[in-house]
Amino acid sequence: MKLKIVARLLCILMGVSLLGSPAMAQDKPTEAETLLKSLRSKEVLRVEYDELVYLPFLKKPLKSNGKLVVHPQKGLIRTVRNPVASVAVFDGNKITVKDEAGTFSVDKKTAPQVVSAMLLWRTLVTDSQKLDQDFDVSVRNEDGFWFVTLVSRAQNSIFKKCTIRGKDNVVLTLELEESEGVRRHLTFAKPTYTAELSPEEL
């Protein structure tokens, strides 16, 4: 039963997940942290996304779309609209998911890799931890775009590599390379910001 719950949760959350654990502070920030700091905000961030999932046994990718809401202190919300509606809320300690099968929650004990993934995602957008504790991090510029690449050092990681592509102060795409030949590609619209969550989001 626990494995089924975790598998379902992974399907819902993978689009925004980067596997990692909370990192220890270091004295000197990396070039990637300096770059990403310019993208981070103390306001509530909302962004629409489209996702393509490439599976080695399918000729065409699976498509989905939805919305991501990030609060710098309270956590994040991922809404999937199509093909199957679901909402996942991460408060920093546990993830609560509501989909067509009902509502359930997992925490660090029941799904440590999934919770760690959400922690690192929040790190990228809220400056709460350092990046390079569990990843080799590199930055490059090419044809007017910048790229931040994270390669996992852990042997048992679900995610092997993540590449974030952006221009100026906007993240445009996120590419995830996973174990067993699975790839995910997310394209983001231009984000919007407000001071507070909406009543529905709260």
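It should be emphasised that the depicted structure is a prediction, and the values quoted were computed from it without experimental measurement. (Residues numbered from 1 in each chain as written. Predicted model: local features only at pLDDT ≥ 70, side-chain atom pairs only at ≥ 80, totals over all residues. Heavy atoms only, no water.)

**A look at a nonpolar patch on the surface**
Judged by side-chain polarity, F57, L58 and L62 come together as a nonpolar surface patch covering roughly 320 Å² of accessible area. Here L58 shows up in the loop between β1 (44–54) and β2 (62–71). (Patch = residues over 30% accessible without salt bridge, like charges linked within 9 Å, V, L, I, M, F, W, Y side chains within 5 Å. Areas by Shrake-Rupley, 256 points an atom, 1.4 Å probe, with all protein chains shown as cover. Salt bridge = Lys/Arg side-chain N within 4 Å of Asp/Glu carboxyl O. Helix = DSSP H or I, 4+ residues; strand = E, 2+ residues; numbered from the N terminus.)

**Quick look at the side chain of S64**
Relative to the assigned elements, S64 resides in strand β2. The residues touching S64, leaving out its near neighbours within four places in the chain, are Y49, D50, E51, N82 and P83. (Contact = heavy atoms within 4.5 Å.)

**Regarding unusual backbone geometry**
For the peptide bond that leads from N82 to P83, omega is 5 degrees, which places it in the cis range. Among the secondary structure elements, P83 is positioned in the loop between β3 (75–82) and β4 (86–90). Of note in the backbone geometry, D143 takes a positive phi value of approximately 55 degrees without being a glycine. With respect to the secondary-structure elements, D143 resides in the loop between β7 (135–142) and β8 (145–152). D143 gets classed as exposed once you look at its relative accessible area, which sits at 71%. (Buried < 20%, exposed > 50% of the residue type's maximum accessible area, 1.4 Å probe, protein only.)

**Some thoughts on the pattern of salt bridges**
Scanning all chains against the criterion turns up nine salt bridges. Between D136 and R153 there is a salt bridge; the shortest N-O distance is 2.9 Å. You can see D136 sitting in strand β7 and its partner R153 sitting in the loop between β8 and β9 (159–167), a full 17 residues away along the chain. The class of R153 is partly exposed, set by a relative accessible area of 41%. Close ionic contact of R184 with E178 constitutes a salt bridge, the shortest N to O distance being 2.3 Å. The exposure classification of R184 matches that of E178, with both residues buried. Ionic contacts of the salt-bridge type, sharing partners, join the residues E51, R78, E178 and R184 into one network.

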